[in-house]
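# Results of the structural survey
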Amino acid sequence: MNIPVNFAMWGMAFLPIIVLIVLMIKFHWGATEAAPVGLLVTIFSAMTFYKAPAHLVAVESAKGVWSSLVILLIIWTAILLYQAGEEANAFLVIKNELSKLIPNELLLILALGWVFVSFLQGITGFGVPVAVAAPLLIGLGVKPIYAVVISLLGQAWGNTFGTLGAAWDALADSAGLNKGSEEYFKAAFWAAVFLLAWDVITGIIICWFYGKGKAVKRGLPAVLVISIIGGGGELILSQINTTLSNFIPAVIALVVVMLLCRMKMYNTEWKIDESPIMDRDKTEIQEESNVPEDMSLFQAFLPYLLLSVMTLVVLAVPSINHALGSIQIGITVPETRTGYGIVNAASNNYSPIAIFTQASMFLFLAAIIALVYYKKKGWIKDGGVKSAFGNSIAMTMPSGMAVIGLVIMSKIMGGTGQTVVLSQGIANVLGSKYLLLAPFVGLLGTFMTASNMSSNILFGGFQVTTANLLNVSAPGVLGAQTAGGAIGAAVSPSKIILGTTTANILGREGEVLRIMLAITIPATILIGAFLFIVFGL
Amino acid sequence: MEKSNFWKTKAGALTIGFIIAMISFVITLVGIKMNSEMVQNLGLVLVIIAVLISPVKVFIIDRKNK
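Residues numbered from 1 in each chain as written. Chains lettered and ligands numbered in written order. Predicted model: local features only at pLDDT ≥ 70, side-chain atom pairs only at ≥ 80, totals over all residues.

## Details of the overall build of chain A
Rules: Numbered from the N terminus, helices here are DSSP runs of H or I no shorter than four residues, and strands are runs of E no shorter than two. Put simply, the radius of gyration uses C-alpha atoms, and a globule should come to 2.2 Å times the residue count raised to 0.38. Field definition: a residue is buried when 20 or more other C-beta atoms are found within 10 Å of its C-beta, exposed when 12 or fewer are, and partly exposed for counts in between, with C-beta atoms placed from the backbone. Two residues qualify as a contact pair if the distance between their C-beta atoms, derived from the backbone, is within 7 Å.
Counting secondary structure elements, chain A contains 20 helices and four strands. At 23 Å, chain A has a C-alpha radius of gyration in line with the 24 Å of a compact globule built from 537 residues. By principal-axis analysis of the C-alpha atoms, chain A measures approximately 70 × 50 × 45 Å. For chain A, the proportion of its 537 residues judged to be buried stands at 60%. In chain A, once contacts between residues fewer than 6 apart in sequence are set aside, the share between residues at least 24 apart is 80%.

As structure tokens, this is what we get:
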């Protein structure tokens, strides 16, 4: 490779990212509109400054579409599963039954806005937990603004290893980490350490919102127990199986909440009357008439239980995993070369998809079984199944086209050497001080794209290249990248809009954003400082 | 309530974009198989059209129709 690393080349490599940021933050464009413009700039830069022939760009685009398909399948099936519960009003049952089981108001808010949201993030993600939890919290009497804030905080820590590890897999793919390698598990370790800290912080913040020091004192034992099980469990499992490392602890945490509410400390009615986040004049449940009377909590949770069992069996039983995992589909790509000598190797099986062990297959089967079961029980009305499919497609498409645009952009940047130049330029100027910025890059990526996964796709290659150039810990930097990306999921405008829409306070995104920035920026600074002290000094 | 045509909504436009992106993907793969740079480039042009559908709809067509 003989690309000149000068300001013009570096500026052209950085331009697509700048264009994305400016269009989304300054001009409030959605990712679906901004990503194509960023892509056009990338293609222009690739074909002029980086001497890439058109067919190289075409091949990288095909690789991008192929990688996007995996992501889109997960998004669509996750939303379909959510729609199955939504059509049957299963979430109302979950809310009502939990309210009866947990008499302590603070624990109830933690159970719904933090633990249940984490559980949903473990399986679905893509903003679904925020969309589901915000109205449920409002039903408990939480003020709409705080219902959105709590939901955003609750889902954030699970963004990397949630959705059956989709964002983590994207990071491993874009950073070139071989599954099961030492680097792979080291990066997973650091990511899980940062996310454990963030998990504890979010639990304490939710208590603080509810009733300052008094609520923190009351809620701290529960927060610590749940964090150790959730974030701590994720840390341990990240060293064994990254796909299930968020999901299993989230399920156990949900069970533990049920046990906590039987303890002396939490088994009696308790609340802070003057809590600033509660609307004491409006605690009546409005959707009572829609609640299916004969649906039990077990039945409401059934799709998620099925998903858990299927995933566990297929991933944990080696013979089944091997048999089903052997069926793979990949694409054939030729070798391509830029005028500066960047070579992209040929492959007869590029980025293969193991259809029957892929997360979207489990999600799809769980959704179909749920739709059939709820329909048979009469909980889904006529046209409900069709509506679930229609809504899932309508909800997938806006993020889907943004994902396609961003993934193609990242593939072209990587395949033409732009990512390397970007990293080399920063490494030359900042040196090891770059470590302070590493988590902000992850946060920025999620802020722009509303997805920890997209952030990892966009910046994973950049982060690992920069870390290698600076001769600092690549696993540490990748851990900070994805942890920053997960924190960014609490401040992403698209996710905020999802929450304000379902909380019926559309237009008040600025208020939510202000609260979230005050929490997420200091948390990201702490991770950067930790990284610099441990690996940079 | 007036029922809007799905294909005229943003979700509809994005669905069309997705379909075009899939067609472009197939065309590029055919171009790779045939070892034809021309066909691969046609796939590239189509994928660019696919991703541009949303900004064109939001900032040109919808604004014109207002």
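Picking up after the structure, the text goes on.
## Some thoughts on the overall build of chain B
In terms of regular secondary structure, chain B is built from two helices and zero strands. Here chain B has a C-alpha radius of gyration of 15 Å; the compact-globule value for 66 residues is 11 Å, and the former is much larger. Along the longest, intermediate and shortest principal axes, the C-alpha atoms of chain B span 50 × 20 × 10 Å. When the 66 residues of chain B are sorted by exposure, 38% land in the buried category. Across chain B, contacts joining residues at least 24 apart in sequence account for 46% of those joining residues at least 6 apart.

## Some points on the interface of chain B and chain A
Condition: Put simply, Ala, Val, Leu, Ile, Met, Phe, Trp, Tyr, Cys and Pro go in the nonpolar bin, Asp, Glu, Lys and Arg in the charged bin, and everything else, Gly too, in the polar bin.
Between chain B and chain A, the residue contacts involve 21 residues of the former and 27 residues of the latter. Of all the secondary-structure elements, those providing two or more residues to the side of chain B that touches chain A are α1 (10-34) and α2 (37-65) of chain B. Looking at which element gives the most residues to the side of chain B that touches chain A, the answer is α2 of chain B, with eleven residues. Residues of the side of chain B that touches chain A, tallied by class, amount to 13 nonpolar, seven polar and one charged.

## Considerations on helix α13 (residues 359-376) of chain A
Residues and elements named next belong to chain A. Test applied: Here the expected span of a helix is defined as 1.5 Å times the quantity of residues minus one.
Spanning 18 residues, α13 covers 26 Å between terminal C-alpha atoms, matching the ideal 26 Å at 1.5 Å per step. A359, S360, M361, F362, L363, A366, A367, A370, L371 and Y374 are the residues of α13 that are buried. Buried residues belonging to α13 abut α3 (54-87), α8 (162-175), α11 (297-316) and α14 (384-415).

## Describing the packing of α3 of chain A against α13 of chain A
Residue and element names in this part refer to chain A. What counts is decided by this rule: Between the N-to-C directions of two axes lies an angle of 0 to 180 degrees, each axis being a line fitted to C-alpha atoms and, for a helix, fitted only over the stretch in contact. Any angle from 65 to 115 degrees is called roughly perpendicular, while one under 35 is roughly parallel, one over 145 is roughly antiparallel, and all others are oblique. The crossing is said to be left-handed when, going from far helix to near helix, the turn is anticlockwise and less than a right angle, and right-handed when the turn is clockwise.
Relative orientation of the contacting elements α3 and α13 amounts to 20°, with a least axis distance of 8 Å. With respect to their mutual orientation, α3 and α13 come out roughly parallel. Here α3 and α13 pass one another in a crossing that is left-handed. Across the interface between the two elements, L73, I74, T77, A78, L80, L81, A84 and G85 of α3 pack against A359, S360, L363, F364, A366, A367, A370, L371 and Y374 of α13. Here the contact of α3 with α13 is built from residues that sort into 14 nonpolar, three polar and no charged.

## Brief notes about the environment of K63 of chain A
Residues and elements named next belong to chain A. With respect to the helices and strands, the residue K63 is situated in helix α3. Taking the C-alpha atoms as reference points, K63 and K381, separated by 318 residues in sequence, lie 41 Å from one another. Setting aside chain neighbours within four positions, we find K63 in contact with V333, Y350 and K411.

## With respect to the confidence of the model for chain A
To be explicit about the condition: Scored from 0 to 100, pLDDT reflects the predictor's confidence in each residue.
Averaged over all residues, the pLDDT of chain A is 88; the fraction at 70 or higher stands at 98%. In the model of chain A, helix α19 (residues 493-502) of chain A stands out as the element of lowest mean pLDDT, 77, in contrast to helix α9 (residues 182-237) of chain A, which has the highest, 97.

## Focus on the confidence of the model for chain B
A low pLDDT score tells you not to read the predicted coordinates there in detail. Of all residues in chain B, 94% attain a pLDDT of 70 or more, and the chain-wide mean is 88. Taken together, the chains of this predicted complex give a pTM of 0.77 and an interface ipTM of 0.93.

## Remarks on α14 of chain A
Residue and element names in this part refer to chain A. For clarity, the cut-off: What we call the bend at a residue is the angle made by axes fitted to the seven residues finishing there and the seven residues starting there.
Over its 32 residues, α14 extends 45 Å from the first C-alpha to the last, a length consistent with the 46 Å expected when each residue adds 1.5 Å. M397 marks where α14 bends most, by close to 35°; the proline P398 follows one to four residues later. Downstream of α14 by a residue or two, G417 has a phi angle that is positive, lying close to 90°.

## Let's talk about the nonpolar core
Residues and elements named next belong to chain A. Counted only if it meets this: Among buried residues, those of type Ala, Val, Leu, Ile, Met, Phe, Trp, Tyr and Cys that are joined through C-beta atoms within 7 Å form a set called a nonpolar core.
Formed by 214 residues in total, the largest nonpolar core has its most connected members in I109, A111, V115, L137 and W198. In terms of residues, this core owes the most to one element, α9, which gives 23 residues. For A111, the residues in contact, after removing those within four places along its chain, are L98, I102, F116 and V257.

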